[in-house]
Amino acid sequence: MSKPIVGCQLFSLRDYTKTAEDAAATLKKVREMGYTSVQVSGFGVKDANEIVKMCDDNGLVIGSTHMGWPRFQNELDAVIEEHQIMKCKHPAVGGVPGEYHTEEGLKKFIDELGPIVEKLNAAGMDFSYHNHNHELARHGGRTWLGALYEDTSPDLLKAELDTHWITAGGGDPIQWIDKVAGRMPILHLKDFIVTPERERRFAPIGEGNLNWEGILAAAERAGVEYMMVEQDQSYEDNALDCMATSYTNLKAMGYE
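To start, this report covers the structure provided alongside it. (Residues numbered from 1 in each chain as written. Predicted model: local features only at pLDDT ≥ 70, side-chain atom pairs only at ≥ 80, totals over all residues. Heavy atoms only, no water.)

Here we look at the nonpolar core
For step 1, the next point in the chain: Ranked by size, the top nonpolar core spans 77 residues in total, and within it W69, F72, F109, F127, Y129 and L148 carry the most contacts.
For step 2, the next point in the chain: The element that contributes the greatest number of residues to this core is helix α5 (residues 103-122), accounting for seven residues.
For step 3, the next point in the chain: Here L148 is in contact with L106, F109, I110, Y129 and L157, once residues within four sequence places are set aside. (Core = buried A, V, L, I, M, F, W, Y, C linked by side-chain atoms within 4.5 Å. Buried < 20%, exposed > 50% of the residue type's maximum accessible area, 1.4 Å probe, protein only. Helix = DSSP H or I, 4+ residues; strand = E, 2+ residues; numbered from the N terminus. Contact = heavy atoms within 4.5 Å.)

Digging into the layout of surface pockets
For step 1, the next point in the chain: Counted as a void, the largest pocket has a volume near 210 Å³.
For step 2, the next point in the chain: As for the largest pocket, its lining consists of 14 residues, and the residues nearest its centre are V40, K46, I51, H66 and M67.
For step 3, the next point in the chain: Mapped onto the lining of the largest pocket, the elements with two or more residues apiece are α2 (48-57) and β3 (61-67).
For step 4, the next point in the chain: Among the elements that make up the lining of the largest pocket, the one with the highest residue count is β3 (three residues). (1 Å grid on protein atoms, 1.4 Å probe; cavity = no way out; pocket = protein on both sides within 12 Å on 5 of 7 lines; lining within 4 Å. Points joined across faces, edges and corners; volume = space filled by probe spheres on them.)

A look at the sheet that holds strand β9 (residues 186-189)
For step 1, the next point in the chain: Reading across the sheet, the eight strands line up as β8-β5-β4-β3-β2-β1-β12-β9 and stay open at both edges, with parallel pairing between neighbours. The open sheet has two edge strands with one neighbour each: β8 (158-160) and β9. Looking at each pair of strands side by side, their axes are set apart by 30 degrees on average, direction ignored.
For step 2, the next point in the chain: The pairing of strand β5 (residues 128-130) with β8 spans three bridges and is parallel. (Pairing = 2+ DSSP bridges. Axes fitted to C-alpha atoms, helices over the stretch in contact; angles between N-to-C directions.)

Things to note about the pattern of salt bridges
For step 1, the next point in the chain: Going through the model one piece at a time under the given rule, you end up with 17 salt bridges.
For step 2, the next point in the chain: Among the ionic pairs, D162 bridges to K190, the shortest N-O distance being 2.8 Å. Of this pair, D162 sits in the loop between β8 and α7 (163-168) while K190 is found in the loop between β9 and β10 (191-194), placing the two residues 28 residues apart along the sequence.
For step 3, the next point in the chain: Residue D162 is classed as buried on the basis of its relative accessible area, which comes to 0%. (Salt bridge = Lys/Arg side-chain N within 4 Å of Asp/Glu carboxyl O.)

Put into structure tokens, the structure is as follows:
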């Protein structure tokens, strides 16, 4: 089984991609760090042709994207066209509005998802759901996220688990990766530390407290295609330095 590819979730570098000039310079730095793939999210440049040219110029594959649920609902033809231009087959949603986070809301989301995914599949694409910690709240004895995957087929819905948010919701990332094995093309790698003041802070991969040996082995077992490194905040540190540290640490663990 081939190892997952380590990618850079560009949301982590959103402050460095607000203009086309800055975006191009940032992608060059991302490639110099060692990354060969990216996830387009929070990116200042919106034109798909411009984005793919910047990535191609720097030898970067667009492994996945994040888009808001309303775009999938209301602009699906445009979403498909953009992904075809970007040569990307793994669009994902970063979450859904609060109205869906009930038992009835879950059913509503699954019902709405059907025709959207059917059209994406016809275009050679799938659809993944990215979680935060509130999806691990329980409704009717099941976590919302667990019910989401139990009540949908792998053909309909793919997973994009986030290691930090699973942990923050009281879950075990390894157990969850095993739970959705075979239906998760993208995994978000995200670490965190706890300060003496009990504050949870995002950290570069390998600099925090998560069990990376176990998580990475589970990802490989599960058939993950891309492991996208994300750090929501870098605090007093430089976000570019943080992403470079994450890649260096993952490479030392045998993943690149």
